[in-house]
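Per-entry structural report
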Amino acid sequence: MLRQAVILVGGLGTRLGERTRATPKPMLDVGDRPFLDTLIDELARYDAFEEILLLAGHRAESIQARYDGTVRGRARLTVALESTPLGTAGALVHAAERLQQRFLLLNGDSFFDFNILDLAVRANGRLVHMALRADVTGDRFGRVELDGDRVRSFSAPGQGATGPVNAGVYVLDRSVVGRVGALPASLEQDIFPALAKAGAMSGTSYRGYFIDIGIPEDLARADVELNERLRRPAVFFDRDGVLNHDSGYTFEADKLQWIDGAREAVKAVNDAGCFAFVVTNQSGVARGLYEESHVQALHRWMADEMAAIGAHIDAFEYCPDHPDGTIERYRRASDRRKPGPGMITDLLGRFRVNADESMLIGDKASDLQAAAAAGLKGHLFSGGNLESFVKQLLPRRPASKP
């Protein structure tokens, strides 16, 4: 599993003219906040990355002041500063000692809405595995020629080639850095063509929303579109009886048994571009059977088990309270305890959820009552394969056209 994400934020942004003279391109406001904030938040919601390393150059002081040493979700943010421009490959050489053996690499001036953990799983040990945007029209971007998932060659912009577009998101092996010669050097122009010729690159095409803010027209378009594109449908999963078999107050990883197709169902939600949440009553805490730390540790284990197949939960919510609890601080009625809607409404307040297209999947009447109280559709899962059950319910999101 990848634990480090690296973002290239050192470019000059010359095509944007005066706007980037004093401000790094990724720090330009898009949707009333720095574009880089959006990229970082998207990485953090996967809850898989422990470090996000920013490779900064042009006007790097503003990036360092805002992000260095901060924490987003599970990830600690650090900044590496270039004193002179070295190109995209040179930035990796400059930060080589800080790179993990395998890491996710992103361009800091583009946004691509797809399941990043799916890319990580498909990388399968290759030196470079790249995310590609399918069905892009026009000649602004270069094209990638594939043979299966192997990258055969690249075509420069303006050559009239067809095929998917390099979306600027990669899983890289650190050994690629050792292939960089004289500096400055570009990954795209100096390193990747040789790797493709050697059969060392592969790629997967996706159709999620993609935009590059490198030219004034697309910067303006992103400012209008991005916030709405980040508003997603959500699937709220009950836990015991839906994701795992309900064996009575489950809190130990070695005793958890997944429902057939449970992890795959979560991945289907991720691949569809929806949020995936867990909302679970955990009255065992109030009853003194286990502690909140046990619930949190189990959810961490479940998250790692899901990540192994390219799936993730955006947030685990649980309610430890019960009015008949034996532990005094948890002995109370709570709107967060289902059939109350509190856990759901809390998530609706924290995330950009399109509630009209969202749903809850539960195995009890109290789950469906909580969904109704929050204004969501509820679906009763009575057993079988959860992936098959979920796939027939998922909303279909139209693909964007960059």
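Residues numbered from 1 in each chain as written. Predicted model: local features only at pLDDT ≥ 70, side-chain atom pairs only at ≥ 80, totals over all residues. Heavy atoms only, no water.

**Topic: the overall build of the protein chain**
Scanning the protein chain from terminus to terminus reveals 12 helices and 17 strands. For 402 residues, the compact-globule estimate of 2.2 N^0.38 gives 21 Å, and the C-alpha radius of gyration of the protein chain, at 23 Å, lies within 12% of that figure. By principal-axis analysis of the C-alpha atoms, the protein chain measures approximately 70 × 40 × 40 Å. A buried classification covers 54% of the 402 residues belonging to the protein chain. Relative to all contacts within the protein chain whose residues are 6 or more apart in sequence, the contacts with residues 24 or more apart total 75%. Accessible surface, the protein chain: about 17000 Å² in total, of which carbon and sulfur atoms supply 47%. (Helix = DSSP H or I, 4+ residues; strand = E, 2+ residues; numbered from the N terminus. Rg over C-alpha atoms; globule rule 2.2 N^0.38 Å. Buried < 20%, exposed > 50% of the residue type's maximum accessible area, 1.4 Å probe, protein only. Contact = heavy atoms within 4.5 Å. Areas by Shrake-Rupley, 256 points an atom, 1.4 Å probe, with all protein chains shown as cover.)

**Observations regarding the nonpolar core**
Ranked by size, the top nonpolar core spans 51 residues in total, and within it I7, L36, L43, I52, L54 and L104 carry the most contacts. With 5 residues, helix α1 (residues 35-44) is the single largest residue contributor to this core. Look past the residues within four positions of L54 in its chain and what remains in contact with it is I7, V9, L36, I40, I63, Y67, T78, V79 and A80. (Core = buried A, V, L, I, M, F, W, Y, C linked by side-chain atoms within 4.5 Å.)

**Concerning the sheet that holds strand β17 (residues 377-380)**
Spatially, 5 strands are ordered β15-β14-β13-β16-β17 in an open sheet, and the strand pairing comes out parallel. The open sheet has two edge strands, β15 (315-319) and β17, and neither has a second partner. When the angles between neighbouring strand axes are averaged without regard to direction, this sheet yields 20°. Sheet topology places strand β13 (residues 234-237) next to strand β16 (residues 359-362); 3 bridges connect them, and they run parallel. (Pairing = 2+ DSSP bridges. Axes fitted to C-alpha atoms, helices over the stretch in contact; angles between N-to-C directions.)

**Description of the pairing of β13**
Alternating residues of β13 divide into A234 and F236 and V235 and F237, and every residue in both groups is buried. One ladder, built from 4 bridges, connects β13 with strand β14 (residues 275-281); its direction is parallel. Bridging across to β14, F236 finds its partner in F277. As for the winding sense of the linkage, the β-α-β connection from β13 through helix α7 (residues 262-271) to β14 is right-handed. (Right-handed = clockwise from strand over helix to strand, strands pointing away.)

**As for the packing of helix α3 (residues 87-94) against helix α5 (residues 187-197)**
Where α3 meets α5, the closest approach of the two axes is 7 Å, and the angle between their N-to-C directions is 80°. Judged by the inter-axis angle, α3 sits roughly perpendicular to α5. The segment α3 lies against α5, with T88, A89 and L92 engaging L187, E188 and I191. (Parallel < 35°, antiparallel > 145°, perpendicular 65-115°, else oblique.)

**With respect to helix α11 (residues 365-373)**
Among the residues of α11, D367, A370 and A371 are the ones counted as buried. Seen along its axis, α11 keeps its buried residues to an arc of 100°; they face one direction. Elements that come into contact with the buried residues of α11 comprise α10 (342-350), β16 and β17. Just downstream of α11, G375 is the residue with a positive phi angle, here 85°. (Arc of directions from axis to C-beta.)

**Some details on the side chain of D238**
Relative to the assigned elements, D238 resides in the loop between β13 and α7. Judged by its relative accessible area of 6%, D238 falls in the buried class. Setting aside anything within four residues of it in sequence, one finds D238 in contact with L243, V279, T280, K338, I361, G362, D363 and D367.

**Notes on the packing of aromatic side chains**
Across all of its chains, the model carries 14 aromatic pairs by this definition. An angle of 65° between the planes, with centres 5.4 Å apart, marks the rings of F275 and F351 as edge-to-face. Here F351 lies in the loop between α10 and β16 and F275 lies in strand β14, a separation of 76 residues in the sequence. The structure contains a cluster of three or more aromatic residues connected by ring pairs, namely F112, F114, F141, Y206 and F210. (Phe/Tyr/Trp six-rings, centres within 6.5 Å; stacked < 30°, edge-to-face > 60°.)

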